[in-house]
Amino acid sequence: MTDALTHDDGASRTPSGRHSPDWVILAIACVAQFMVVLDVSIVNVALPSIGRDLHYSPTGLQWVVNAYVLTFAGFLLLGGRAADLFGRRRIYLFGLALFTLASLVGGLAQNSAMLTAARAVQGIGGAFLSPATLTIIVTTFSGVRMAKALGTWAAVAGAGGAAGSILGGVLTAELSWRWVLFVNIPIGAVVAVAALLYLPESTRRVRDENSPRLDIGGAITVTAGLGALIFAIVGTDTHAWGSTYTLSILAVAAVLLAVFAIIELRVAHTPLVPFRIFRSRSVSGANIVMFLVGAAFFSMWYFLSLYLQNVLGYGALKTGMAFLPMAICIIIGAQGSSRLLPKVGVRPLLIVGTLLMSGGFAWFTQITDHSQYWANVFGPGCIISLAIGVLFTPLASAATAGVHYTEAGLASGVLNTARQLGGSIGLAVLATVAIDHTKSLLGSAPATGAAAALTAGYARAFALDAILGLCACGAAFIVPSLGRQRSTESREQQIAEAIVDAEGGALPVLDPTSTAGTISPEPA
């Protein structure tokens, strides 16, 4: 195994002996993660332009987002395991190449099917690329340097999410919606060259019949099952819920998800999702809350983008800038939450955050087709964004505090998957509800203007988001109250154990927001 930890001179070495400065390795990891996170949000502002140019149906348009999110979430844990088994450099380059090529194809798309397929492949590339960036950091840095590197990685990831809407607005307004995809190509090419030159491999394992195997069957069945489920839901605008068409697709989804459960429980040598981790109240509760929060928050960006452009008449650039205060509020909420967590514990922050989120969505239900940004959008949008920032750190802490440090990567991956799947399923359901309500108003009251009917549909979706927030608040009581901070020595001991495991080929993929080893459970 090639030693991937930094040498005393603060540099890593490639197999050829080339010195790789710490900052180069960190940049390789952070830029790639920035690309992955950016592409989750960058297309939101461009959706109206994409819909017009490629003739998407109203419900089909959400697949520009859902195709990426579903494959990303479905293959995320598989990608992390692949980086452990086959090496960080190899999987990093594979994911980067797939992601960049899919971006090129998507930017050249001539119809909706071509773009949706490209976005799905993009998601698969991102699912292999993102865990590899974490593995790069954990195997390159140690001690204080690793903590600083993880902090930089997390900051860049947060900046990618915040920059997506703004950059998407600029590119769509000044160039074309196609550039929200083309922008990945030069970045990907430069980072790939840097990785080939400077990124050393982390493992060179001889594989035999006893080696852990990738759970490809689990990843395929869960992704296909969830895809079928959402396809059935979004198709209810043209096929009734009780129709043979809808029920048949729902049955296919149920079978696929049942097969996934069987594979995980009885077949897979290394399950994609070992269900035993959900015996922990901390892990199961955090994932339920994250699923509900993701369902509500993810749809906010979608509906708000459409409302600002289709109803208030904002351009793509102005819409992107309208999201800037909300991005800042996420950062403020996260910073405040991280300082309060050791003092008040997890559960109080989850309760406050979910109630704030629910209140913000309730405020959003008051929008009309004549509303103003500063009076009716800025306030609730900032409250919801602040709530998301407040929730992020305690959710990450709760999801990883219930497992050993060596399983923190698995727990963090499951939490990310819950967020992605919650967002995708929530968007599918809420988009269908909003469209049905809009059509109902136009059919029953022809005098109702299109803008007013669209706004009423969005408001109906926001009302359901408020209910999801209350449900998340109730689920927060499943999570034990976590608060007391363990000693630094304990943390360092677990890091040392993890590094020893890495030398044996059992390196965990860690989440930079994880506080496993620093937070211990208190009585509920």
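Here the structure is a predicted model, which means the values were calculated and not measured.

Asker: Teacher, can you tell me more about the overall build of the protein chain here?
Answerer: From N to C terminus, the protein chain includes 18 helices and 4 strands. Taking all 524 residues of the protein chain together, 58% fall into the buried category. Sequence-distant contacts, at least 24 apart, represent 83% of the contacts inside the protein chain between residues at least 6 apart. A total of about 20,200 Å² of accessible surface is found on the protein chain, and carbon and sulfur atoms cover 67% of it.

Asker: In this structure, what is going on with the packing of aromatic side chains? I would like to understand it.
Answerer: According to the stated counting rule, one finds 15 aromatic pairs in the structure shown. On the numbers, 4.9 Å between centres and 50° between planes, the contact of W374 with F378 is tilted. Taken as a pair, W374 and F378 lie in helix α15 (residues 373-401) at a separation of 4 residues, close to a single helical turn. In this structure an aromatic cluster arises from ring pairing among Y302, F303, Y307, F361, F364, Y458 and F462.

Asker: Hey, could you run me through a nonpolar patch on the surface in this one?
Answerer: Where nonpolar side chains cluster on the molecular surface, the patch consists of V170, L317, M321, L324, I328, I332, V352, L356 and L386 and spans about 660 Å² of accessible area. Of all the secondary-structure elements, those providing two or more residues to the nonpolar patch are α12 (316-322), α13 (324-344) and α14 (346-364). Looking at the nonpolar patch, the element that brings in the most residues is α13, giving 3 residues. For M321, the position within the fold is in helix α12. Of the residues examined, M321 reaches a relative accessible area of 41% and is grouped as partly exposed.

Asker: I would appreciate a short explanation of helix α2 (residues 47-54) in the present structure.
Answerer: Within α2, 6 of the 8 residues are buried, which leaves it mostly tucked inside the rest of the structure. All of the buried residues along α2 are L47, P48, S49, I50, G51 and L54. Downstream of α2 by a residue or two, H55 has a phi angle that is positive, lying close to 60°.

Asker: I'm lost on unusual backbone geometry in this one. Help?
Answerer: Most peptide bonds adopt trans geometry, and most residues besides glycine take a negative phi value. Look at H55: it is not a glycine, yet its phi comes out positive at around 60°. Topologically, H55 is positioned in the loop between α2 and α3 (63-86). On the basis of relative accessible area, H55 is assigned to the exposed category, the value being 68%.

Asker: Got a minute to help me understand α14 in this structure?
Answerer: For an α-helix, the turn length of 3.6 residues means that residues three or four places apart are oriented alike. Spanning 19 residues, α14 covers 27 Å between terminal C-alpha atoms, matching the ideal 27 Å at 1.5 Å per step. Within the sequence span of α14, burial applies to V346, R347, L349, L350, I351, G353, T354, M357, S358, G360, F361 and F364.

Asker: I'm lost on the packing of helix α11 (residues 281-311) against α14 in this one. Help?
Answerer: Helices that pack against each other are described as a pair by the angle of their axes relative to one another and the distance between those axes. In contact at an axis separation of 12 Å, α11 and α14 are set at 25° when each is read in the N-to-C sense. Between α11 and α14, the interaxial angle falls into the category roughly parallel. Note on packing geometry: the crossing formed by α11 with α14 is left-handed. Residues R281, V289, V293, A296, F297, M300 and L304 of α11 touch α14, and the partners they reach there are R347, T354, M357, F361 and F364. Its residues placed into classes, the contact of α11 with α14 shows 9 nonpolar, 1 polar and 2 charged.

Asker: Just checking my understanding: could you explain the environment of I230 for this structure?
Answerer: With respect to the secondary-structure elements, I230 resides in helix α9 (residues 216-234). Overall, the relative accessible area of 0% leaves I230 in the buried class. Taking C-alpha positions, I230 is 9.7 Å from W63, a pair spaced 167 residues apart along the chain. Sequence-distant contacts of I230, that is, excluding residues within four places in its chain, are made with W63, N66, L70, S424, I425 and A428.

Asker: Can you walk me through the environment of T246 in this structure?
Answerer: Structurally, the position occupied by T246 is in helix α10 (residues 244-267). Classification of T246 as buried rests on a relative accessible area of 1%. Expressed as a C-alpha distance, the spacing of T246 and I233, which sit 13 residues apart in the sequence, is 7.8 Å. Looking at T246, its side chain comes within polar contact range of the side chain of S243, at 3.1 Å.

Asker: What is the right way to look at the packing of α14 against helix α17 (residues 450-475) in this model?
Answerer: Two numbers describe how α14 lies on α17: the axes approach to 8 Å, and their chain directions differ by 165°. Judged by the inter-axis angle, α14 sits roughly antiparallel to α17. Considering only the axes of α14 and α17, their crossing is left-handed. On α17, the residues touching I351, T354, L355, M357, S358, F361, A362 and F364 of α14 are F462, D465, A466, G469, L470, A472 and C473. Here the residues of the contact of α14 with α17 sort into 11 nonpolar, 3 polar and 1 charged.

Asker: Help me understand the confidence of the model for the protein chain, please; the structure alone is not making it clear to me.
Answerer: Residues shown with low pLDDT carry predicted positions that ought not to be read at fine detail. On average, residues of the protein chain score 77 in pLDDT, and 76% of them reach the 70 mark or higher. Counting interchain partners and residues more than four positions distant, the pLDDT-below-50 stretch residues 1-11 has 37 contacts. Note that residues 484-524 has pLDDT below 50 and, in this model, 88 contacts with residues that lie over four places away or in other chains.

Asker: So what exactly am I meant to see when it comes to the environment of S103 here?
Answerer: Among the structural elements, S103 can be located in helix α4 (residues 88-107). You can call S103 buried: its relative accessible area is 0%. Sequence spacing of S103 and R178 is 75 residues, and the spatial spacing of their C-alpha atoms is 9.4 Å. Residue contacts for S103: discarding those within four places in its chain leaves Q122, L181, F182 and N184.

Asker: Is there a simple way to explain the state of the cysteines in this structure?
Answerer: Every disulfide links exactly two cysteines, by a covalent bond between their sulfur atoms. This model, assessed by the stated rule, comprises 0 disulfides. Take C329: it sits in no disulfide, and the sulfur closest to it among the cysteines is that of C382, at 3.7 Å.

Rules used throughout
- Residues numbered from 1 in each chain as written.
- Predicted model: local features only at pLDDT ≥ 70, side-chain atom pairs only at ≥ 80, totals over all residues.
- Heavy atoms only, no water.
- Helix = DSSP H or I, 4+ residues; strand = E, 2+ residues; numbered from the N terminus.
- Buried < 20%, exposed > 50% of the residue type's maximum accessible area, 1.4 Å probe, protein only.
- Contact = heavy atoms within 4.5 Å.
- Areas by Shrake-Rupley, 256 points an atom, 1.4 Å probe, with all protein chains shown as cover.
- Phe/Tyr/Trp six-rings, centres within 6.5 Å; stacked < 30°, edge-to-face > 60°.
- Patch = residues over 30% accessible without salt bridge, like charges linked within 9 Å, V, L, I, M, F, W, Y side chains within 5 Å.
- Salt bridge = Lys/Arg side-chain N within 4 Å of Asp/Glu carboxyl O.
- Expected span 1.5 Å × (residues − 1).
- Axes fitted to C-alpha atoms, helices over the stretch in contact; angles between N-to-C directions.
- Parallel < 35°, antiparallel > 145°, perpendicular 65-115°, else oblique.
- Left-handed = near helix turned anticlockwise from the far one by under 90°.
- Nonpolar A, V, L, I, M, F, W, Y, C, P; charged D, E, K, R; others polar.
- Polar contact = N/O pair within 3.5 Å; in protein donor to acceptor, adjacent residues only side chain to side chain.
- pLDDT = per-residue confidence, 0-100.
- Disulfide = S-S within 2.5 Å.

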